[in-house]
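An overview of the molecular structure
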Amino acid sequence: RVDSQFLSTFDVVALNSAYSFKWWEAYAAPALDSLRARGALLPVPHVLYPPVAALDLAAEDDAAARGQNVLLVGRFFRGRQSKRHLEALDAFADLRSRGGEPRLYLVGASMPGHDDYVEAVRARVELQRGNSLPS
């Protein structure tokens, strides 16, 4: 059920990708169109794209000198849409065992009620750094 009174307090719905917009169109838009037809003032969806120009990494003189860096951005929680941080850490441990110095940066908010998952991620990082022993 869509709360039109709540939605009417917003000017814009900002979606982070065309993929998100597709889901908006599939699930929210039909309900909102019905409300709009009855006179409800509702926000208009807009897709926001990155606010910076994309880098042409192929033009870099020495790509190998940059190293292997991956930024994994996503909320920390267990569940179906989790970014699977533990699996990413294990994959990077495997890469390091093959040589090289890949770096994985984990960035995101901790979701309420998922402190045990955040602690598991921290423990895995420390274990892989050699700062603790498995329990």
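Quick caveat, the model's predicted, so the values are computed rather than measured. (Residues numbered from 1 in each chain as written. Predicted model: local features only at pLDDT ≥ 70, side-chain atom pairs only at ≥ 80, totals over all residues. Heavy atoms only, no water.)

Within the structure shown, the criterion is met by six salt bridges. A salt bridge links Asp94 to Arg98, with the nearest nitrogen and oxygen atoms 2.7 Å apart. Judged by its relative accessible area of 35%, Asp94 is partly exposed. The residue Arg122 makes a salt bridge to Glu119 at a minimum N-O spacing of 2.9 Å. Taken together, the residues span about one helical turn, with Arg122 and Glu119 both in helix H5 (residues 115-129) at a distance of three residues. (Salt bridge = Lys/Arg side-chain N within 4 Å of Asp/Glu carboxyl O. Buried < 20%, exposed > 50% of the residue type's maximum accessible area, 1.4 Å probe, protein only. Helix = DSSP H or I, 4+ residues; strand = E, 2+ residues; numbered from the N terminus.)

A word on the side chain of Ser82. Mapped onto the elements of the fold, Ser82 is located in the loop between strand E3 (69-73) and helix H4 (85-97). In this structure Ser82 comes out as buried when scored by relative accessible area, which is 13%. Side-chain polar atoms of Ser82 contact the backbone oxygen of Phe77, separated by 2.9 Å. In this structure the side chain of Ser82 is engaged in a polar contact, spanning 3.0 Å, whose partner is the backbone nitrogen of Arg84. Once residues lying within four places of it in the same chain are set aside, the contact partners of Ser82 are Phe77 and Tyr117. (Polar contact = N/O pair within 3.5 Å; in protein donor to acceptor, adjacent residues only side chain to side chain. Contact = heavy atoms within 4.5 Å.)

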